[in-house]
Amino acid sequence: QVQLVESGGGLVQAGGSLRLSCAASGSTFNINAIGWYRQAPGNQRDLVATIQIGGFTNYADSVKGRFTISRDNANNTVYLQMNSLKSEDTAVYYCYAQIVQPRRIYYWGQGTQVTVSS
């Protein structure tokens, strides 16, 4: 079992910045990849950014160059630095963690709201 707790969401003006945090606990040694999805009202949940166990990162095209994912292994925390925010970034942001042993399982946080005003 992996537990994920997000923090750092809020209201920001367009062009501003926010940093989201996700603290993982439980069987964190089993995590293969960790990152962020987001879901706007009426839309599906889409991948924003992910970081794999070897440090490889992947970003949605819409956030490349503006968002940066990083992790603090000592504290089992992953961060999403969001710069140059746009109104279309408004969504609930969910932290996720993937384990692959003994089988593939995804764990989710409760979500944190990010609202960008134009």
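One numbering rule holds for all chains: residues counted from 1, following each sequence as written. For this predicted model, a pLDDT threshold of at least 70 governs which residues receive local features, and a threshold of 80 or more governs which side-chain atom pairs are given and counted, while totals over whole chains, interfaces and linings are taken from all residues. Derived side-chain values reflect all non-hydrogen atoms in the structure, with water molecules and hydrogen atoms excluded from consideration.

### A word on the pairing of strand β11 (residues 112-117)
Right, on to step 1. Because side chains alternate across β11, one face comprises the buried residues T112, V114 and V116, and the other comprises Q113, T115 and S117, none of which is buried.
Right, on to step 2. A pair of strands is labelled paired if DSSP reports no fewer than 2 bridges between them. Strands are runs of DSSP state E lasting at least two residues, helices are runs of H or I lasting at least four, and both sets are numbered from the N terminus onward. Pairing between strand β9 (residues 91-99) and β11: three bridges, direction antiparallel. Residue pairing for β11: A91 is matched across the bridge by V114. Whether a residue is buried, partly exposed or exposed follows from its accessible area with a 1.4 Å probe, protein chains only, as a fraction of its type maximum: under 20%, in between, or over 50%, in that order.

### Regarding the nonpolar core
Right, on to step 1. Core analysis: the biggest nonpolar cluster contains 30 residues, and L4, I34, W36, L80, M82 and Y93 have the highest contact counts within it.
Right, on to step 2. For this core, the secondary structure elements donating two or more residues are β1 (2-7), β3 (18-26), β4 (31-39), β5 (46-52), β7 (67-72), β8 (77-82), β9 and β11.
Right, on to step 3. No other element matches the five residues that β9 contributes to this core.
Right, on to step 4. The contact rule is simple, with two residues in contact once any of their heavy atoms fall within 4.5 Å. Residue contacts for L80: discarding those within four places in its chain leaves L18, R19, L20, W36, V48, A49, F67, T68, I69 and Y93. Residues enter a nonpolar core if they are buried and are Ala, Val, Leu, Ile, Met, Phe, Trp, Tyr or Cys, with the set joined through side-chain atoms within 4.5 Å.

### With respect to the packing of aromatic side chains
Right, on to step 1. We call Phe, Tyr and Trp rings a pair once their centres come within 6.5 Å, taking the six-membered ring for Trp, and we label the pair stacked below 30 degrees between planes, edge-to-face above 60, and tilted otherwise. Applying the stated criterion to the full structure yields four aromatic pairs.
Right, on to step 2. Seen from their ring centres, Y37 and W108 are 5.2 Å apart, and the 70 degrees between their planes marks the pair as edge-to-face. Of this pair, Y37 sits in strand β4 while W108 is found in strand β10 (residues 105-108), placing the two residues 71 residues apart along the sequence.
Right, on to step 3. Overall, the relative accessible area of 37% leaves W108 in the partly exposed class.
Right, on to step 4. Through a chain of ring-to-ring contacts, the aromatic side chains of Y37, Y96, Y106 and W108 assemble into a single cluster.
Right, on to step 5. Cation placement over rings: the criterion is NZ of Lys or CZ of Arg within 6 Å of the ring centroid and within 35° of the ring normal. The positively charged end of R45 is found above the aromatic ring belonging to Y94, 3.6 Å away from the centroid.

### So, the environment of C95
Right, on to step 1. Note on placement: C95 falls in strand β9.
Right, on to step 2. For the pair C95 and T50, spaced 45 residues apart in the sequence, the C-alpha separation amounts to 9.6 Å.
Right, on to step 3. Setting aside residues up to four positions removed in sequence, C95 forms contacts with L4, E6, C22, I34, G35, W36, V78, Y107, W108 and G109.

Purely spatial values, then, with no claim about function.
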